[in-house]
Amino acid sequence: MNKRTKSPRAEQQFFNDPALDRFMGAFMALATEHYVLLDRVRAMEKQLTEAGRLDQEALDREPDEIERAETSADRAAFIEALMRPLLGEQDALGASGKFSLK
Amino acid sequence: MNDRAFTAAQDFLLSAKTYWSTTMYRALRDSHGEEGSQTVADVAQAIEDSTLYQVYAWYERHLQRMKYAGRYGLVPYHNERRIDLLSELDSEDSECTQESLTLPAYYTVVDIHQHPGGVWSDGIAGFVYERGARTTTPLAGAAEKDVHERFTDLILEEWKPANILDMGCGFGKSTQPFVRRLPDSTVEAIDLSVPCLRLASYAAREAQASNVRFRQMDACRTDYEAGSFDLVTSTMVLHEMPPKTIEDLLDEAFRVLTPGGRMIHLDFYCLPDVFRRFIHYGHARRNNEPYMQPFAELQLSSLVSSKGFVDAQVAPFQESDRVDLDGNEAWRFPWTVISATKPKT
Ligand SMILES: C[S@@+](CC[C@H](N)C(=O)[O-])C[C@H]1O[C@@H](n2cnc3c(N)ncnc32)[C@H](O)[C@@H]1O
């Protein structure tokens, strides 16, 4: 049977800026991965609860102030990582802006 | 990839597809409004540059891409299970291959509906296609009769054919209802794809069906004698062929039908308005279906009549109890029944 080599053709473009087409692809890959993980955590909780190794109610309960304080630094670090790139600032000193060798 | 992760990812993509085909489709339709557009180009002019349309189009293309390819796609999933899957088929099916057959170029130049490698080039392609086809019509619930059963109902209401030819049978989904419901009839099922035919033939053996053969053959050039069948049928095949090939298929259907025999195809054709036509043509492009638009633009009824058939009819087909043929509430395929009779004399 004939086998075809993978087509090197460019993907179709839908947005005015093709970068957005590609970014959406990465975004949906992450969203899928996130759902797969969610599904797995849920399945694990179910198995552990059924085996008597996990207190599902305790897990679902609202965390108290102490626990929330304990995790707040981690939350802040996550937010920092997520949002800092939006500011468009350098982490290491160097030339700025868009460059061209045209 | 484990089965749980694969199922979770595919379910996730299917939920996204359902959202796309209902909420997102409706938003797009509402943004276009009821009146104004006379032609497909008018609709294009009105909405193609909108962000909503761009998002809609992106999701249509890429949800299908992710269904087949990518980390949790049907192809990598089945590829990992290749040895087990192929060993199921191992008992030789000589009828499923025709040594002298060369696959037509129209068929091999494109990976139809974004199935990498098409439905023919890889031994596991039949399994991939079968799994994918379970969710082709996402809105039809599992409890509901599927489109193939409903199409068979329609034919059997008319009469009980004794000799049936299913052209482009794929992995046998369109063939099975005839085989099961007409145990005393003989069914010949042909396709170009060996991997699909082998799966079809395996499933028929499992079901102990002895009134069917699955054979590799071009529907435009079969080896059946003239007048062999009282029903020639196909499901979702015509739109995958360029116009010249469709003509050849019609000629061949005419030849192998007995005088008075019926030709009944199920396909995508009747589009109720220009908005739906615009959506359909875009779908064709985004889903790698290059012959879908030319097919939708044929003068089908006169073409069929020009081949010698009489009583040519082209009518919308309701694929589910839940759809309204004139309604525009959700995205759907423009299911259509194309039927005609070979004259008695
Ligand atoms: C969308 S599938 C439909 C399969 C099946 N009828 C069903 O309803 O599930 C279209 C099929 O047409 C077959 N096909 C395309 N061109 C053909 C030809 N010239 N002769 C026979 N089969 C053909 C393809 O291999 C594919 O299996």
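What counts and what doesn't
Residue numbers run consecutively from 1 along every chain, following the written order of its sequence. By the order in which they are written, chains take letters starting at A while ligands take numbers starting at 1. pLDDT decides what is reported in this predicted model: residues at 70 or higher carry local features, side-chain atom pairs at 80 or more are listed and counted, and totals for whole chains, interfaces and linings draw on all residues regardless. Here the side-chain values reflect all heavy atoms present in the structure, with hydrogen atoms and water set aside. Helical segments are the DSSP runs of H or I of at least four residues, strand segments are the runs of E of at least two, and each set is numbered from the N terminus. Each radius of gyration is computed over the set of C-alpha atoms, and the globule rule expresses the reference value as 2.2 Å times the number of residues to the power 0.38. Partly exposed residues are those whose accessible area sits between 20% and 50% of the maximum for their type, while under 20% is buried and over 50% is exposed, using a 1.4 Å probe and protein chains only. The method behind every accessible area is Shrake-Rupley, applied with a 1.4 Å probe, and residues are considered shielded solely by the protein chains displayed. The sign given to each residue is positive for Lys and Arg and negative for Asp and Glu; His and the chain ends receive no count. In this description, the location of a charge corresponds to atom NZ of lysine, CZ of arginine, CG of aspartate or CD of glutamate. We call two residues in contact when some of their heavy atoms are within 4.5 Å. The quantity reported as buried area is the accessible area (1.4 Å probe) lost by two parts once they are put together, taken as the sum for both. What counts as a salt bridge is simple: a side-chain nitrogen of Lys or Arg found within 4 Å of a carboxyl oxygen of Asp or Glu. All residues other than Ala, Val, Leu, Ile, Met, Phe, Trp, Tyr, Cys, Pro, Asp, Glu, Lys and Arg, Gly among them, are scored as polar; the first ten of these are nonpolar and the last four charged. Pairing between two strands requires that DSSP report at least two bridges joining them. Simply put, an axis is a line fit to the C-alpha atoms, just over the touching stretch for a helix, and the angle between two N-to-C directions goes from 0 to 180 degrees. Neighbouring residues are identified by heavy atoms, a residue being near a molecule or strand if any of them is within 4 Å of it. Under this definition, polar contacts are N or O atom pairs within 3.5 Å; protein pairs additionally need one hydrogen-donor-capable and one acceptor-capable atom, and for neighbouring residues in sequence, both atoms have to be side-chain atoms. Where a domain begins and ends is set by an automatic assignment or by a domain database. For every residue, the predictor reports its confidence as pLDDT, a number between 0 and 100. Between rings of Phe, Tyr and Trp, where Trp is taken as its six-membered ring, a pair exists when centres lie within 6.5 Å; planes separated by under 30 degrees are stacked, by over 60 edge-to-face, and by other angles tilted. Here, over-ring charges are defined by two tests on the NZ atom of lysine or the CZ atom of arginine: distance to the ring centre within 6 Å, and angle to the ring normal within 35 degrees. Disulfides are defined as pairs of cysteine sulfur atoms found within 2.5 Å of each other. Cavities and pockets were defined on a 1 Å grid built from protein atoms only: a cavity is a group of points that admits a 1.4 Å probe but offers it no way out, a pocket is an open group of points flanked by protein on both sides within 12 Å along at least five of seven lines, and a lining residue is one with an atom within 4 Å of any such point. Grid points are joined across faces, edges and corners, and a volume is the space filled by probe spheres set on the points.

## Describing the overall build of chain A
1) Next: Within chain A one finds three helices and zero strands.
2) Next: The order of helices and strands in chain A, counted from the N terminus, is α-α-α.
3) Next: Its C-alpha atoms give chain A a radius of gyration of 23 Å, clearly above 13 Å, the size a compact globule of 102 residues would have.
4) Next: Over its C-alpha atoms, taken along the principal directions, chain A stretches across nearly 65 × 55 × 25 Å.
5) Next: Looking at chain A residue by residue over its 102 residues, the buried ones come to 12%.
6) Next: If you sum the accessible surface of chain A, you get close to 9500 Å²; carbon and sulfur atoms cover 58% of it.
7) Next: For chain A, the centre of its 15 positive side-chain charges and the centre of its 19 negative side-chain charges are spaced 14 Å apart.

## So, the interface of chain B and chain A
1) Next: Opposite the 29 residues of chain B that make contact, chain A presents 23 residues.
2) Next: A per-residue breakdown of the area chain B buries against chain A is headed by B:Phe12, B:Gln54 and B:Trp58, which together make up 27% of the total.
3) Next: With a closest N to O distance of 2.7 Å, B:Arg61 and A:Glu11 form a salt bridge.
4) Next: Those elements giving two or more residues to the side of chain B that touches chain A turn out to be helix H1 (3-32), helix H3 (51-68) and helix H12 (274-286) of chain B.
5) Next: Looking at which element gives the most residues to the side of chain B that touches chain A, the answer is H3(B), with ten residues.
6) Next: Considered class by class, the residues forming the side of chain B that touches chain A number 14 nonpolar, seven polar and eight charged.

## Focus: the sheet that holds strand E4 (residues 229-235) of chain B
Residues and elements named next belong to chain B.
1) Next: Taken in spatial order, the seven strands make up an open sheet running E3-E2-E1-E4-E5-E7-E6, and their pairing is mixed. Only two strands of the sheet have a single neighbouring strand rather than two, namely strand E3 (212-216) and strand E6 (310-316). On average, each strand axis in the sheet is tilted by 15° relative to the strand beside it, whichever way the strands run.
2) Next: Its contacts with the sheet put helix H8 (residues 147-158) on E4, strand E5 (257-268) and strand E7 (335-341), and the angle it makes with E5 is roughly 150°.
3) Next: Against the sheet, helix H11 (residues 243-256) contacts strand E1 (163-167), E4 and E5, and its axis sits at roughly 145° relative to E5.

## So, the site of the ligand
Residue and element names in this part refer to chain B.
1) Next: Around the ligand there are 20 residues in total, and Tyr106, Tyr107, His148, Gly168 and Asp191 lie nearest to it.
2) Next: Residue Tyr106 places a side-chain N or O atom 2.7 Å away from a nitrogen atom belonging to the ligand.
3) Next: Taking Asp218, its side chain carries an N or O atom lying 3.0 Å from a nitrogen atom of the ligand.
4) Next: Burial of the ligand by the protein chains amounts to 99% of its free accessible area of 600 Å².
5) Next: For the shell around the ligand, the per-class residue count stands at eleven nonpolar, five polar and four charged.
6) Next: Split by domain, the shell around the ligand shows at least three residues from each of two domains, domain 1 (3-89 + 101-133) and domain 2 (147-341).

## A word on the domain arrangement of chain A
1) Next: Looking at chain A, the domain boundaries give domain 1 (16-61) and domain 2 (62-102).
2) Next: Using only C-alpha atoms to locate each centre, domain 1 of chain A and domain 2 of chain A end up separated by 23 Å.

## Overview of the confidence of the model for chain B
1) Next: Mean pLDDT over chain B works out to 94, with 95% of the residues at or above the 70 mark.
2) Next: Scored as a complex, the prediction yields pTM 0.93 and ipTM 0.89.

## Focus: unusual backbone geometry
Residue and element names in this part refer to chain B.
1) Next: Positive phi is not limited to glycine here, since His113 has a value of about 35°.
2) Next: Within the secondary structure, His113 sits in the loop between helix H6 (105-108) and helix H7 (125-133).
3) Next: According to the relative accessible area criterion, His113 is buried, its value standing at 9%.
4) Next: Phi is positive for Met236, which is not a glycine, with a value near 60°.
5) Next: Within the fold, Met236 resides in the loop between E4 and H11.

## Quick notes on the packing of aromatic side chains
All names here are of chain B.
1) Next: Counted according to the given criterion, the structure contains 20 aromatic pairs over all chains.
2) Next: Here the aromatic rings of Phe268 and Phe333 are separated by 4.2 Å at their centres, their planes lie at 10°, and the arrangement is stacked. Placement of Phe268 in strand E5 and of Phe333 in the loop between E6 and E7 is noted, with a sequence separation of 65 residues between them.
3) Next: Phe333 gets classed as buried once you look at its relative accessible area, which sits at 9%.
4) Next: Of note, Lys342 hangs over the ring of Phe254, and the distance from its end group to the ring centre comes to 4.7 Å.

## Here we look at the state of the cysteines
Residue and element names in this part refer to chain B.
1) Next: Scanning all chains against the criterion turns up zero disulfides over all chains.
2) Next: Here Cys196 is not cross-linked by a disulfide; its sulfur's nearest cysteine counterpart is in Cys169, at 8.0 Å.
3) Next: Unpaired in this structure, Cys220 has its nearest cysteine sulfur neighbour in Cys169, at a distance of 14 Å.

## Quick look at empty space enclosed by the protein
Residues and elements named next belong to chain B.
1) Next: Tallied over the entire structure, the rule returns one cavity of 30 Å³ or more.
2) Next: When its volume is computed, the largest cavity comes out at roughly 50 Å³.
3) Next: Lining of the largest cavity is provided by Tyr25, Leu271, Arg276, Ile279, His280, Trp331, Arg332 and Pro334.
4) Next: Ranked by the residues each element gives to the lining of the largest cavity, the list is headed by H12, at three residues.
5) Next: Its residues assigned to classes, the lining of the largest cavity comprises five nonpolar, one polar and two charged.

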